[in-house]
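Commentary on secondary and tertiary structure
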Amino acid sequence: MAVGWFYLSVLALCSLGSICILSTIYWMRYWHGGFAWDGSILMFNWHPVLMVTSMVVLYSAASLVYRLPQSWVGPRLPWKSGHAAMHLLAFLLTVLGLHAVFEFHNHAKIPHLYSLHSWLGITTVFLFACQWFLGFSVFLLPWASMWLRSLLKPIHVFFGASILSLAIASVVSGINEKLFFSLKNGTKSYSNLPSEAVFANCAGMLVVVFGLLVLYILLASSWKRPEPGMQAEREALLRGGE
């Protein structure tokens, strides 16, 4: 039953994550003219798309690798490598997203890192970089002792969930900030909820729902990889129930 609910949740996550990315693309294309890589406002439009794709959807997929039942048996190295590689891809896309917004600010002579959204976002990316380096150094390379890994594992897990939470907060604050800027001089103010505001608010709520579902799966004890010795106990209980 737990495995069935897990795969149902994964299916819901895949659908919801895809909708979050496609909604962001549609928002930037329909209301803000599409995309370019030339320092203009069209280059900025890559920023929300890349950040939602990397720091929310791809980051979540990488975090859930160890929840797959197939990862509970056999050697851990392939799953560790996949976990690290997916996070690295997410980080590279994040760097591209940051480059897009910084290049636009340079081109438009806009100051960098002045808003709460930017402070929150850059803090999230910094923690993500530290988290990936720690995970690669301690859990993937063979030099670390089991004692050190056991000591750092709860910290690694805590910051993994914390970074996702901060990423969601960054996305939501970024949507709000973008709407205030784009609707400030429009025919309808943000408070009158024009169609763009309704669409972007709904997209933000989808990101929140997606993040909460990911955190639920990460925290559900029945979906965690069993510790050494617990797998045999679970199999014995299962055979007894049969």
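About the thresholds
- Residues numbered from 1 in each chain as written.
- Predicted model: local features only at pLDDT ≥ 70, side-chain atom pairs only at ≥ 80, totals over all residues.
- Heavy atoms only, no water.
- UniProt positions renumbered as here; feature names shortened; annotations may be inferred.
- Helix = DSSP H or I, 4+ residues; strand = E, 2+ residues; numbered from the N terminus.
- Buried < 20%, exposed > 50% of the residue type's maximum accessible area, 1.4 Å probe, protein only.
- Contact = heavy atoms within 4.5 Å.
- Areas by Shrake-Rupley, 256 points an atom, 1.4 Å probe, with all protein chains shown as cover.
- Lys, Arg positive; Asp, Glu negative; His and termini not counted.
- Charge placed at Lys NZ, Arg CZ, Asp CG, Glu CD.
- Axes fitted to C-alpha atoms, helices over the stretch in contact; angles between N-to-C directions.
- Parallel < 35°, antiparallel > 145°, perpendicular 65-115°, else oblique.
- Nonpolar A, V, L, I, M, F, W, Y, C, P; charged D, E, K, R; others polar.
- Phe/Tyr/Trp six-rings, centres within 6.5 Å; stacked < 30°, edge-to-face > 60°.
- Expected span 1.5 Å × (residues − 1).
- Bend = angle between axes of the 7 residues up to and from the residue.
- Disulfide = S-S within 2.5 Å.
- Polar contact = N/O pair within 3.5 Å; in protein donor to acceptor, adjacent residues only side chain to side chain.
- Patch = residues over 30% accessible without salt bridge, like charges linked within 9 Å, V, L, I, M, F, W, Y side chains within 5 Å.
- Salt bridge = Lys/Arg side-chain N within 4 Å of Asp/Glu carboxyl O.

Under an unreviewed UniProt entry, the name given to the chain is Lysosomal membrane ascorbate-dependent ferrireductase CYB561A3, and the organism recorded is Ovis ammon polii. Under the heading Catalytic activity (unreviewed entry), UniProt records this for the chain: "Fe(3+)(out) + L-ascorbate(in) = monodehydro-L-ascorbate radical(in) + Fe(2+)(out) + H(+)". Recorded in UniProt under Cofactor (unreviewed entry), the annotation for the chain is "heme b".

A separate point is the overall build of the chain. Of regular secondary structure, the chain possesses eight helices and zero strands. Ordered by position in the sequence, the α and β elements of the chain form the string α-α-α-α-α-α-α-α. With the principal axes as the frame, the chain shows a C-alpha extent of 70 × 40 × 25 Å. Within the chain, buried positions represent 42% of all 242 residues. Long-range pairs, those at least 24 residues apart, make up 71% of the contacts in the chain between residues at least 6 apart in sequence. Carbon and sulfur atoms make up 74% of the accessible area of the chain, which totals about 13,300 Å². Treating the 14 positive side-chain charges of the chain as one cloud and the 8 negative ones as another, the clouds have centres 2 Å apart.

This part takes up the packing of helix 3 (residues 46–63) against helix 7 (residues 195–219). A pair of packed helices can be characterised by two numbers: the angle between their axes and the separation between those axes. At a minimum axis distance of 11 Å, the contact between helix 3 and helix 7 shows a crossing angle of 10°. One finds that helix 3 runs roughly parallel with respect to helix 7. Along the contact surface, helix 3 presents V56, V57, S60 and S63, while helix 7 presents V207, F210, V214 and L218. By residue class, the composition of the contact of helix 3 with helix 7 is six nonpolar, two polar and no charged.

In this section: the packing of aromatic side chains. Summed over the entire model, instances satisfying the criterion amount to 12 aromatic pairs. Between Y30 and W31, the aromatic rings sit 4.7 Å apart at their centres with planes inclined by 85°, giving edge-to-face as the arrangement. Overall, the relative accessible area of 54% leaves Y30 in the exposed class. Given the relative accessible area of 25%, W31 is considered partly exposed. Grouping aromatic residues by their ring pairs yields a cluster made of Y26, Y30, W31 and F199.

Positive phi outside glycine occurs at K109, with the angle close to 60°. In this fold, K109 is placed in the loop between helix 4 (77–108) and helix 5 (116–140). A positive phi angle, near 50°, is found at L113, a position not held by glycine. On the secondary structure map, L113 appears in the loop between helix 4 and helix 5. Residue classification places L113 among the partly exposed residues on the basis of a relative accessible area of 37%.

Turning next to the environment of I19. Mapped onto the secondary structure, I19 falls in helix 1 (residues 2–32). Classification of I19 by relative accessible area gives partly exposed; the value is 40%.

With that settled, the discussion passes to helix 3. With 18 residues, helix 3 extends 24 Å between its outermost C-alpha atoms, agreeing within 8% with the 26 Å of an ideal straight helix rising 1.5 Å per residue. At T53, helix 3 shows its strongest bend, of approximately 25°. Taken across its 18 residues, helix 3 has 16 buried, putting it largely inside the fold.

Tallied over the entire structure, the rule returns zero disulfides. Not engaged in a disulfide, the cysteine C20 finds its nearest cysteine sulfur in C202; these two sulfurs lie 12 Å apart. Accessibility expressed as a relative area gives 44% for C202, which makes it partly exposed.

Another point: the UniProt feature "transmembrane region" (unreviewed entry) in the chain. Mapped onto the present numbering, the UniProt feature "transmembrane region" (unreviewed entry) falls on residues 6–28, 49–66, 86–104, 116–143, 155–176 and 197–219. A helix fraction of 100% and a strand fraction of 0% characterise residues 197–219, whose end C-alpha atoms lie 33 Å from each other.

Along the chain, S23 turns up in helix 1. Looking at S23, the relative accessible area reads 14%, which means it is buried. From its side chain, S23 meets the backbone oxygen of I19 in a polar contact 2.7 Å long. Every residue in contact with S23, bar those within four places of it in the chain, is listed here: F199, A203 and L206.

This part covers a nonpolar patch on the surface. Among the surface-exposed residues, L113, L116, W119 and I122 lie close enough to one another that they form a single nonpolar patch of about 430 Å² accessible area. Examined against the element boundaries, L116 turns out to sit in helix 5.

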